[in-house]
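The chain contents come next:
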Amino acid sequence: MKRYYDFLVVGSGLAGLSFALKVAHKGKVAILSKTTLNETNTSYAQGGIAAVTYAPDDYEKHVKDTLVAGDGLCNEEVVRMVVREGPRQIEELINWGTEFDRETDGRFDLAKEGGHSEHRILHHKDNTGAEIQRALSERVFSHPNIDIYENYFAVDLITQHHLGRLVKRRHTDIECYGVYALDIATSKVFTFISKITLIATGGTGNLYSSTTNPVIATGDGVAMVYRAKGTVENMEFVQFHPTSLYNPAEKPSFLITEAMRGFGALLRTTDGKEFMQQYDERGCLAPRDIVTRAIDNEMKVRGDDFVYLDCTHLEKDKLIAHFPNIFEKCKSLGIDITKDYIPVVPAAHYQCGGIKVDMDGCTRINRLYAAGETSSTGLHGANRLASNSLIEAIVFADRAARHSLSLIDGYSFAENLPDWDDKGVTLPEEMVLITQNYRELQQIFSAYVGIVRSNLRLKRALNRLEIIYNETEELYRKSTLSVKLCELRNLINVGYLVIKMAMLRQESRGLHYTIDYPPEKGLKDLS
Ligand code: FAD
Ligand code: SIN
């Protein structure tokens, strides 16, 4: 069962949809989405999208803030490029119908978040991502050249190694010809053959029991590219958001945007005391790795399950107007944010590393691009600056689109590709074999590969992961495909990369904090 497309896009968040819209004039495009088009990390983004708009902000300040957050590991050339190209992509979003909040005089209402030296976050109330997703989804649904495949799960890349023949342009011997994708409704596997493929599959938050990411974020793209011998890097840098709503039964964890602290909200321990100044002179607006570790430390030292975010001193009408969703959400749980403190706790939030790409979004595999959270572009280094991921997604999708448009005429469809072979496989005996391993995996990562790490914890995690890996691979070899099994397998691959890269990084840097290599200055007693 073969389907042929000029461009194949795996993922329907900001990276995938904006790429699709930019290449669709040139050929037929397929977008695969593992659930519905709008169930993406993009839709959950709250705070906004960072870009330089007015003085006193300028490019140098945005560059500097990004480099400082990245703790010495950003690629400065990439940072400069994203910061400069960002404003043009904001215009593109507006042309596609995205509404950003404005002041009464028509100027953008710019918010501030941790690590930013200026107000530069364009936002749509506290649901910016949903607004971007709405605008782009409307466009792709009505585009005559774009076919949308909802509930299609990409399982693996179709690649061939051309030994002894290096493709001149890319210096690689691997070519990508598309993907195998499971049609979830019929359980049939389709062979999607493409001239160019973009991986835009988003994050990996579900490695952890507590995450702000929706259930779709299982690192599928990273795992597929790793299995196909592409390059993956920087996976040790997992970002935890300092403030998700403390409501243990809820999945995903509901985010309390950092923009609230930019608006003046304060962190307090459960006895009402402010604590951030003890950790960093920037207080509640220090970069998020510092705030997260401070909260984690306070909770551990005091034996508390959460800290508080206090908005009660802020102007009530403005607070509700700026954060209507958070107001309503908290109200539904009996918390009136104008009068009550909000209980918050850190949660896994963003994967800084991923599929290594160059400045045009090219991976190591010929004809294969990656953009958005699944990629590692060099922008974030060891720690992402707040609201820099949406802008990275659209800037790199744009560059990948331009680059692939310049090459597509030279490509034809690969011939004689085999269809998916599922001879001899049967339904798994019991789903609990999969669900229990999934749960164990999340427990291992939450306990041993979290905010504060150590050599011993990482070693333990690796030993336990190996058991789950062997069991899952065996099950995979003999079972018919299911989404849960594939996701578990992908998370195991991704988790292996996180642990291995964390072990190799023998220092505390950015988001990777280990008690075996404490940083020269700052907290040394975190355990
Ligand atoms: P996503 O938007 O996550 O889309 C991934 C797509 O890939 C989905 O369509 C999914 O179905 C598809 N997919 C995955 N695997 C497969 C598969 N195997 N087969 C088929 N399809 C697949 N960033 C900011 O800059 N500003 C913010 O304010 C902000 N707030 C955030 C708040 C929350 C709660 C969260 C979770 C994240 C936030 N982020 C924010 C981060 C940002 O939203 C994401 O990094 C960004 O939206 C990722 O976009 P993407 O296009 O790469 O992936
Ligand atoms: C937030 O709104 O706090 C999230 C911003 C981000 O993840 O960039």
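Here's what I pulled together on the structure shown here. As the structure is a computational prediction, the values presented were derived from the model and not from experiment.

## Considerations on the site of ligand 1
Every one of the 38 residues lining ligand 1 counts as a neighbour, but Ser-12, Thr-42, Gly-48, Glu-373 and Ser-389 are closest to it. Ser-33 is positioned with one of its side-chain polar atoms (N or O) 3.5 Å from an oxygen atom of ligand 1. Glu-373 has a polar side-chain atom sitting 2.6 Å from an oxygen atom of ligand 1. With the chains in place, 99% of the 1,000 Å² that ligand 1 exposes on its own is no longer accessible.

## A closer look at empty space enclosed by the protein
Evaluation of the coordinates by the stated rule reveals four cavities of 30 Å³ or more. Empty space within the largest cavity amounts to approximately 60 Å³. In terms of lining residues, the largest cavity is bounded by Val-238, Phe-240, Arg-288, Asp-289, Thr-292, Arg-293, Gly-450, Ile-451 and Leu-511. It is helix α8 (residues 288–302) that provides the largest number of residues to the lining of the largest cavity, a total of four residues. Its residues assigned to classes, the lining of the largest cavity shows four nonpolar, two polar and three charged.

## Concerning unusual backbone geometry
Cis peptide bonds are those with omega within 30 degrees of zero, and the linkage from Ala-55 to Pro-56 qualifies with 10°. Position of Pro-56 among the secondary structure elements: in the loop between β3 (49–50) and α3 (59–69). Residues Lys-251 and Pro-252 are joined by a peptide bond in cis, for which omega reads -5°. Note that Pro-252 resides in the loop between β10 (238–245) and α7 (259–262). The phi dihedral of Asp-71 falls on the positive side, at around 55°, and the residue is not glycine. Position of Asp-71 among the secondary structure elements: in the loop between α3 and α4 (76–95). Using a relative accessible area of 34% as the deciding quantity, one classes Asp-71 as partly exposed. Here the phi dihedral of Lys-125 falls at roughly 45°; this positive angle occurs in a residue that is not glycine. Within the fold, Lys-125 resides in the loop between β4 (121–122) and α5 (128–141).

## Quick word on the site of ligand 2
The environment of ligand 2 is formed by Gln-46, Gly-47, Glu-113, His-241, Leu-255, Thr-257, Glu-258, Arg-288, His-349, Arg-384, Ala-386 and Ser-387. Considering ligand 2 on its own, with 260 Å² of exposed area, one finds that the protein chains cover 92% of that surface. Here the shell around ligand 2 is built from residues that sort into two nonpolar, six polar and four charged.

## So, the packing of helix α13 (residues 455–478) against helix α14 (residues 483–504)
Packed helices, taken two at a time, are described by their axes: the angle between them and the distance between them. At their nearest, the axes of α13 and α14 sit 10 Å apart, and the two run at 150° to each other. Classified by the angle between their axes, α13 and α14 sit roughly antiparallel to one another. The crossing of α13 and α14 is left-handed. Residue-level inspection shows Leu-458, Lys-459, Ala-461, Leu-462, Leu-465, Ile-468, Tyr-469, Thr-472, Glu-473, Leu-475 and Tyr-476 of α13 in contact with α14, the latter providing Leu-485, Cys-486, Leu-488, Arg-489, Ile-492, Asn-493, Gly-495, Tyr-496, Ile-499, Lys-500, Ala-502 and Met-503. For the contact of α13 with α14, the per-class residue count stands at 16 nonpolar, three polar and four charged.

## Structural notes on the pairing of strand β2 (residues 29–33)
A regular strand places its side chains on the two faces of the sheet in alternate fashion. Across the five residues that make up β2, a large majority, five, are buried. Residues Val-29, Ile-31 and Ser-33 line one face of β2 and the alternating positions Ala-30 and Leu-32 line the opposite face, and both faces are buried. Sheet topology note: the strand β1 (residues 2–10)/β2 ladder contains four bridges and is parallel. Residue Phe-7 lies in a different strand from β2, and its bridge partner there is Val-29. For the crossover from β1 across helix α1 (residues 14–23) to β2, the handedness is right-handed. Two elements, β2 and strand β5 (residues 146–150), share five bridges in a ladder whose sense is parallel. Opposite Leu-32, over in β5, you have Tyr-149 as the bridge partner.

## Observations regarding the environment of Glu-392
Note that Glu-392 resides in helix α11 (residues 388–407). For the pair formed by Glu-392 and Ala-382, sequence separation is 10 residues and the distance between their alpha carbons is 15 Å. Look past the residues within four positions of Glu-392 in its chain and what remains in contact with it is Val-82, Tyr-350, Gly-372, Thr-377, Leu-379 and His-380. At 3.3 Å, the side chain of Glu-392 and the side chain of Tyr-350 are in polar contact.

Parameters and conventions
- Residues numbered from 1 in each chain as written.
- Chains lettered and ligands numbered in written order.
- Predicted model: local features only at pLDDT ≥ 70, side-chain atom pairs only at ≥ 80, totals over all residues.
- Heavy atoms only, no water.
- Near = heavy atom within 4 Å.
- Polar contact = N/O pair within 3.5 Å; in protein donor to acceptor, adjacent residues only side chain to side chain.
- Areas by Shrake-Rupley, 256 points an atom, 1.4 Å probe, with all protein chains shown as cover.
- 1 Å grid on protein atoms, 1.4 Å probe; cavity = no way out; pocket = protein on both sides within 12 Å on 5 of 7 lines; lining within 4 Å.
- Points joined across faces, edges and corners; volume = space filled by probe spheres on them.
- Helix = DSSP H or I, 4+ residues; strand = E, 2+ residues; numbered from the N terminus.
- Nonpolar A, V, L, I, M, F, W, Y, C, P; charged D, E, K, R; others polar.
- Buried < 20%, exposed > 50% of the residue type's maximum accessible area, 1.4 Å probe, protein only.
- Axes fitted to C-alpha atoms, helices over the stretch in contact; angles between N-to-C directions.
- Parallel < 35°, antiparallel > 145°, perpendicular 65-115°, else oblique.
- Left-handed = near helix turned anticlockwise from the far one by under 90°.
- Contact = heavy atoms within 4.5 Å.
- Pairing = 2+ DSSP bridges.
- Right-handed = clockwise from strand over helix to strand, strands pointing away.

All quantities given are derived from atomic positions and should not be read as evidence of function.
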